[in-house]
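Structural overview for review
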Amino acid sequence: MDLAQRDHNVIWHPYTQMKTAALPIPIVRGEGALLFAEDGTTYIDAVASWWVNLHGHAHPHIAQRVAEQLNTLEHVIFAGFTHPAAVELAERLIQILPQNQKRAFYSDNGSTAVEVAIKMAIQYWNNVGEPKRKIIALRDSYHGDTFGAMAVSSRSTFTAPFWSYLFDVKFIDVPVPGEEEESIKQLEAIAIAGGAAAFIFEPLVLGTAGMVMYTPEVLDRLMGICQKYNILTIADEVMTGFGRTGRTFASHYLQHQPDIMCFSKGLTGGTMALGLTTCSNQMYEAFLHHDKSKTFFHGHSYTGNPIACAAGLASLDLLLKEETQQSINRIVEQHTQFAEKVKQLQYVKETRQQGTILAVEFEAGGTSYFSNLRDTLYNFALQQGVLLRPLGNIIYIIPPYCITNEQLQQVYQTILGMHGLVEEAQ
């Protein structure tokens, strides 16, 4: 029995309707931007394996650091104890984050990093004697699949069975070009009404919504309103962090600094599961008290795992190298050139780019994750040796920084080939 069939017999995959899904593709090795299947087929990983892989698969520097850590300390309880890798990673990140970020709280994935942020924000107001419970978020946003993260994410088919369990959130429209003033008006109305604890947002790019993009200038205006009305701001940089938007963090485009930030995905270069929530000293100091009820009672068994922190340190080494920064700029330039070319095609509705993230939206009678085009485009790309994971009728590229120009051209040619399929579907 081959690996795919063995998998089918015992495993339940994420975001997959197991009744109708094809057998999974067994991947037995990775190198750089390439994935090698059991049958010998090679795929270009143009989506960085769900946006996590920064530097390529099986990177030797990360592997070496992880191996060294495994032979030194694999794990230690993080309540009352610490270890060098966790301290060093926090120190190095705080040096390059917005200047007000001073404290780091570890968890184990993006959803839990968001859970930590939401709990911090709500308890902050309780601790300072001004209980505020209302959370504001962008419509169509996605912040994770745990209950708090679902609550601050868009209400959709994905979350429908759980709606009655989710706490109330005030949603405002995404301030896309042409709609900025409406979003600002909505936020101001909520702020004036009072009781708002925090505004959480994906800065500049809403990933799962279809790589929907908006400008730093309008986000600064929204954050300015929050500052005026004493509303905490939470930047969910789980996807946008570590160079994806062209700068090390999307928040580096902003004049205002968020009170809380969330990280995962690229934090370890795609090597290990690790979540991180950072905050300002103002936030942290509200939890310092002789009254133990003001303690932040949150934790995970694998909080600050040494192996994951070692992977994070190795990934940071690579990210900050001049060579990597040049690669990021190279990808940005290649994307820009391709976007100009592809947006001239008849059935391309829109192209969107922010740094190394490029999205192409095809005409399909409306935008929907459940567009019939999705499976057609996905399977076509696989046949061309390219891993792309369409968001309905939207194709996006978010590659490892080591991807070569030749590999990028193969990805671009695959997307150009998709245009013919879209034309046939009209």
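Note that the structure is predicted; figures quoted are calculated from it, not measured.

**Notes on the nonpolar core**
Ranked by internal contacts, the top residues of the largest apolar core, which has 90 residues, are Phe199, Met211, Phe362, Leu388 and Ile415. Setting aside anything within four residues of it in sequence, one finds Phe199 in contact with Ile136, Ala137, Leu138, Ile172, Leu222, Cys226, Ile231, Leu232, Thr233 and Ile234. Among the nonpolar cores identified, the runner-up in size contains 28 residues, and Ile135, Val169, Ile200 and Phe287 belong to it.

**Quick look at the sheet that holds strand 13 (residues 348-354)**
In spatial order, the strands read 13-14-16; together these 3 strands make up an open sheet with antiparallel pairing. Unpaired on one side and paired on the other, strand 13 and strand 16 (394-397) mark the two borders of the sheet. Averaged over all pairs of adjacent strands, the angle between strand axes in this sheet comes to 15°, irrespective of strand direction. Of the strand pairs in this sheet, strand 13 and strand 14 (residues 357-362) are connected by 6 bridges, and their pairing is antiparallel. Residue Thr351 lies in a different strand from strand 14, and its bridge partner there is Val360. Along the sheet, helix 11 (residues 322-342) contacts strand 13, strand 14 and strand 16; its crossing angle with strand 13, the most-contacted strand, is approximately 165°.

**With respect to the state of the cysteines**
Two cysteines, two sulfur atoms, one covalent bond between them: this is a disulfide. Here the structure, examined in full by the defined rule, presents 0 disulfides. Cys279 forms no disulfide, and the closest cysteine sulfur to it belongs to Cys262, at a distance of 11 Å.

**Some thoughts on the UniProt feature "binding site: substrate" (unreviewed entry) in the chain**
UniProt's feature table lists "binding site: substrate" (unreviewed entry) at Trp50, Tyr142, Lys265, Gly299 and Arg389, given in the numbering used throughout. Across 340 residues in sequence, these annotated residues place their C-alpha atoms as far as 33.0 Å from one another, rather than forming a single compact spot. From the list above, the second largest pocket is lined by Trp50 and Arg389. Among the secondary structure elements, Lys265 is positioned in the loop between strand 11 (260-263) and strand 12 (275-280). With a relative accessible area of 24%, Lys265 lands in the partly exposed category.

**So, the packing of aromatic side chains**
Centre-to-centre distance and the angle between the planes together describe a pair of aromatic rings. If you walk through the whole model with that rule in mind, you get 14 aromatic pairs. Pairing Trp51 with Tyr396 gives two aromatic rings, centres 5.8 Å apart and planes at 85°, and the pair type is edge-to-face. Residue Trp51 is located in helix 2 (residues 48-51), and its partner Tyr396 is located in strand 16; the two are separated by 345 residues in the primary sequence. As far as burial versus exposure is concerned, Trp51 and Tyr396 are alike and both buried. Here the aromatic rings of Phe338 and Tyr412 are separated by 4.3 Å at their centres, their planes lie at 10°, and the arrangement is stacked. A residue pair is termed long-range when its members are at least 10 positions apart, and Phe338 in helix 11 and Tyr412 in helix 13 (residues 405-425) qualify at 74 residues. Both residues of the pair, Phe338 and Tyr412, belong to the buried class. Three or more aromatic residues link up through ring pairs in this structure, and these residues are Tyr15, Trp50 and Phe158. Of note, Arg29 hangs over the ring of Phe36, and the distance from its end group to the ring centre comes to 3.9 Å.

**A word on the pairing of strand 16**
Burial along strand 16 is two-sided: the face carrying Ile394 and Tyr396 and the face carrying Ile395 and Ile397 are both buried. As paired strands, strand 14 and strand 16 are joined by 4 bridges and run antiparallel to one another. Note on strand 16: the bridge partner recorded for Leu358 is Ile397.

**A word on the sheet that holds strand 10 (residues 232-236)**
Here 7 strands make up an open sheet; going across it, the order is 4-12-11-10-7-5-6 and the pairing mixed. The sheet is open, and its two edges are formed by strand 4 (101-107) and strand 6 (169-172), each paired on a single side. Within the sheet, the average angular offset between the axes of one strand and its neighbour, ignoring direction, is 20°. Where strand 7 (residues 196-201) meets strand 10, 4 bridges bridge the pair, whose relative direction is parallel. Among the inter-strand pairings, Ile200 is bridged to a residue of strand 10, identified as Ile234. Sheet strands in contact with helix 4 (residues 84-96) are strand 4 and strand 12, and its direction is about 140° off that of strand 4. Of the strands in this sheet, strand 5 (134-138) and strand 6 touch helix 7 (residues 180-193), which is tilted by about 155° from strand 6.

So, how was this worked out
- Residues numbered from 1 in each chain as written.
- Predicted model: local features only at pLDDT ≥ 70, side-chain atom pairs only at ≥ 80, totals over all residues.
- Heavy atoms only, no water.
- Core = buried A, V, L, I, M, F, W, Y, C linked by side-chain atoms within 4.5 Å.
- Buried < 20%, exposed > 50% of the residue type's maximum accessible area, 1.4 Å probe, protein only.
- Contact = heavy atoms within 4.5 Å.
- Pairing = 2+ DSSP bridges.
- Helix = DSSP H or I, 4+ residues; strand = E, 2+ residues; numbered from the N terminus.
- Axes fitted to C-alpha atoms, helices over the stretch in contact; angles between N-to-C directions.
- Disulfide = S-S within 2.5 Å.
- UniProt positions renumbered as here; feature names shortened; annotations may be inferred.
- 1 Å grid on protein atoms, 1.4 Å probe; cavity = no way out; pocket = protein on both sides within 12 Å on 5 of 7 lines; lining within 4 Å.
- Phe/Tyr/Trp six-rings, centres within 6.5 Å; stacked < 30°, edge-to-face > 60°.
- Lys NZ or Arg CZ within 6 Å of the ring centre and 35° of its normal.

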